[in-house]
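This is what each chain is made of:
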Amino acid sequence: MVEMSSFGCYFSGNNIEHLPVNCWLQGAELAADEGRNAAALAACRTLAEELTELQFPAPRILAFKEGSSESRYFVSRLIPAHKDPPYKQEANFHSSKHLTTEQWTKLKSSFVHFDDPSFCEWIRNLKVVPPEKRRSCRRWDLNIDLLGVIEVDDMAGVEQRQNKSGGGKYFFCSGGKKKEVKKETGLGLSFTKDENFGEWYSEVVVNGEMIEYYDISGCYILRPWAISIWEIMQTFFDAEIKKMKVKNCYFPLFVSPGVLQKEKDHIEGFAPEVAWVTKSGESELEVPIAIRPTSETVMYPYYSKWIRGHRDLPLKLNQWCNVVRWEFSNPTPFIRSREFLWQEGHTAFATKEEADTEVLQILELYRCIYEEFLAIPVTKGRKSELETFAGGLYTTSVEAFIPNTGRGIQGATSHCLGQNFAKMFEINFENEKGEKGMVWQNSWAYSTRTIGVMVMVHGDDKGLVLPPKVAALQLIVIPVPYKDADTQGIFDACVATVATLSDAGIRAEADLRDNYSPGWKYSNWEMKGVPLRIEIGPRDLANNQVRAVRRDNGAKTDISRVFLVEQVKGMLDKIQQNLFDVAKQKRDACVEVLKTWEEFVTALGQKKLILAPWCDEEDVEKDVKARTKGDMGAAKSLCTPFEQPELPEGTKCFASGKPAKKWTYWGRSY
Ligand code: 87F
């Protein structure tokens, strides 16, 4: 009954993201009779066990006899859930995407309408409260587990099953008790940002079409909607670093063990995260090969070769690439994944001054990406000794904050490596006077984590909210035809509107699909976070106007088509600014300036971003970590902001009582 292929496909599809359970229907008796089904059953079980291994308490696995009323009850709810909006049906039942309008109508006409909750609703109602505090991957936060699914792969399949159910109609109500319907939080999302942030985030990145889950934990498919944001940032940053005479290059993905371990300080703490290739085909490699977690050790042997004299300096290289870090804690799309995209810049100078200057120039570009593109306020500052990149001299960063979780998040880093790597890799040069010296180096990076921070900061209960500057689509035009209205005229006006806006450099498209209602389209584009929606209906057509609706605050404005471009540009700018202002206001409201340990503990419990006077001693930070250890993770220093408030003489460290040297941000972090 359950083909392994459809099982696997379904399980790794995004269906699971919508449901607190996945479902397995398998006739136990049949399985015993038939080798093929027995193998499928065994494989399903093994897979289920593997997938839920980390779950506590262990999930229940339900098995039903094929054809039993329980099994029919499930099956009836697996078919495009009759009460789910088409958008959700599509997401849950991929195959419905490929149905023609005709097939879809035919399928729908075979529905028996009943008031039972849809499968999704029903399944959700089986839930025990989602475990809020669990820190494991949310994907396995299942309340009960029903494993395996039937896939509606084509109409023939549906008909076949219709016949099987005997009455010519496939959908039926098994007479099961009516379940209370879970309150919907708007079309598409079943969790709110405030009530269950983790689930909300996962749902938003999937339903907003940024991410698809993949069958390797911690790895995610970045869909075009996410990549386009990445590319916009990339275009900006790439041009800026080119102005600074940085050149792009590409070094191999693989690292030999000798080279990787050359700089011991650097690799020591990171070793468990390094992924290795140990086999090719069936044969073991003689020497295992590491996959780059970062490229210092990959690149610097060549810096040593290429740098001879002062004329070879500065050497400024950057690469856009992927890196792999085999993380074990709580993988989260964009925020903590085992493979991610980044740019890594590696530069070498004759003097420390040049290196120092560049560290800050790059940091300013990172601020710009966050604040001006992603509309996220960040703090520039220096990392504590404990948080400085091992093997480096000092580390600077831009730090963001997620108010909902009360966690700080490092947005990007710019390190001055000093001469440590130069010493290890013998990167020497001869100056104008013929004297030998070692180079001064920097390295700096930002990654696809930026996108996750953006989703977390701006997203709402309707889905993604994209700042206009990074949105692939800044504006969507939706025709709103009425029965007797001039539909063609409305469609033409939509096309013309897009043309006018596109000519003016605005990223605009019209959604002219005729198999979705305007309301459905509104929700769909809201979910995807498009900053501005333009609706054109008969009244707008008659008045030579359009109606613009802002994604960030829902504000509606009628705009004359005469002033379309200026007005739209103005609105996009306003949205961009408003997103930043609101985010800053929320972040600032979480900042707690305090001076004592008692205040610190209280503020931490209130998810605050803490600014406290500190003695700047490593042991004291270690002590803070130890004293705040717990379920939620320990507190640590986030950064010492460059912009320091006044520190009056005699101010004491909040943690040690020793004389304070600086104001430092503290909190839990990602
Ligand atoms: C994981 C495994 C192995 C971080 C790792 O920040 C090595 C590392 O070196 C590792 N995780 N790091 C630090 C990366 C430093 C660094 N390198 C280039 C940057 C910016 C760009």
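Scroll up for the structure.
Structural notes, computed from the coordinates. (Residues numbered from 1 in each chain as written. Predicted model: local features only at pLDDT ≥ 70, side-chain atom pairs only at ≥ 80, totals over all residues. Heavy atoms only, no water.)

A word on the overall build of the chain. What the chain contains, in helices and strands, is 23 helices and 25 strands. Of all 670 residues assigned to the chain, the portion counted as buried reaches 55%. Nonlocal contacts in the chain, meaning residues at least 24 apart in sequence, comprise 71% of its contacts between residues at least 6 apart. As presented, the chain carries roughly 29,700 Å² of accessible surface, and 52% of it is formed by carbon and sulfur atoms. (Helix = DSSP H or I, 4+ residues; strand = E, 2+ residues; numbered from the N terminus. Buried < 20%, exposed > 50% of the residue type's maximum accessible area, 1.4 Å probe, protein only. Contact = heavy atoms within 4.5 Å. Areas by Shrake-Rupley, 256 points an atom, 1.4 Å probe, with all protein chains shown as cover.)

Another point: the sheet that holds strand 17 (residues 475-479). Spatial ordering of the open sheet is given by 18-17-19-20-21, a layout of 5 strands whose pairing is mixed. Looking along the sheet, the strands with just one partner apiece sit at the ends: strand 18 (508-510) and strand 21 (556-560). Between one strand and the next, the sheet's axes are offset by a mean angle of 25 degrees, whatever the strand orientation. Contacting strand 17 and strand 19 (532-536), helix 19 (residues 518-527) crosses the sheet at an angle of about 170 degrees to strand 17. (Pairing = 2+ DSSP bridges. Axes fitted to C-alpha atoms, helices over the stretch in contact; angles between N-to-C directions.)

Next up on the list: the pattern of salt bridges. A full pass over the atoms with the stated rule returns 30 salt bridges. In this structure, the salt-bridge partner of Glu 399 is Lys 383, at a minimum N-O distance of 2.8 Å. Taken as a pair, Glu 399 in strand 12 (residues 394-402) and Lys 383 in the loop between strand 11 (379-382) and strand 12 lie far apart in primary sequence, 16 residues in all. Taken individually, Glu 399 and Lys 383 each receive the classification buried, so the pair is uniform in this respect. Put simply, Asp 552 and Arg 550 hold a salt bridge, and the shortest N to O gap is 2.6 Å. The pair formed by Asp 552 and Arg 550 is uniform in burial state, with each residue classed as buried. (Salt bridge = Lys/Arg side-chain N within 4 Å of Asp/Glu carboxyl O.)

Glancing now at the packing of aromatic side chains. Under the definition given, this model contains 29 aromatic pairs. Centroid distance Phe 197 to Trp 200: 5.3 Å. Interplanar angle 35 degrees. Geometry classified as tilted. One end of the pair, Phe 197, and the other, Trp 200, are both in helix 10 (residues 197-207), 3 residues apart, so they sit about a helical turn from each other. Taking relative accessible area as the criterion, Trp 200 reaches 0% and is therefore assigned buried. Their ring planes at 45 degrees and their centres at 6.1 Å tell us that Tyr 302 and Trp 306 sit as a pair that is tilted. (Phe/Tyr/Trp six-rings, centres within 6.5 Å; stacked < 30°, edge-to-face > 60°.)

What follows deals with the environment of Asp 312. Mapped onto the elements of the fold, Asp 312 is located in the loop between helix 14 (296-306) and strand 9 (315-324). Overall, the relative accessible area of 30% leaves Asp 312 in the partly exposed class. Each C-alpha atom of the pair Asp 312 and Phe 429 lies 8.4 Å from the other, and the pair is 117 residues apart in sequence. Only 2.7 Å separates the side chain of Asp 312 from the backbone nitrogen of Arg 308, close enough to count as a polar contact. (Polar contact = N/O pair within 3.5 Å; in protein donor to acceptor, adjacent residues only side chain to side chain.)

Looking now at the packing of helix 11 (residues 224-243) against helix 17 (residues 449-458). The geometry of helix 11 relative to helix 17 is characterised by a closest axis approach of 10 Å and an angle of 115 degrees between their N-to-C directions. With respect to each other, helix 11 and helix 17 are oriented roughly perpendicular. The hand of the helix 11/helix 17 crossing is right-handed. Between helix 11, through Ala 226, Ile 229, Trp 230 and Met 233, and helix 17, the contact on the second element is made entirely by Thr 450, Ile 451 and Met 454. Its residues placed into classes, the contact of helix 11 with helix 17 shows 6 nonpolar, 1 polar and no charged. (Parallel < 35°, antiparallel > 145°, perpendicular 65-115°, else oblique. Left-handed = near helix turned anticlockwise from the far one by under 90°. Nonpolar A, V, L, I, M, F, W, Y, C, P; charged D, E, K, R; others polar.)

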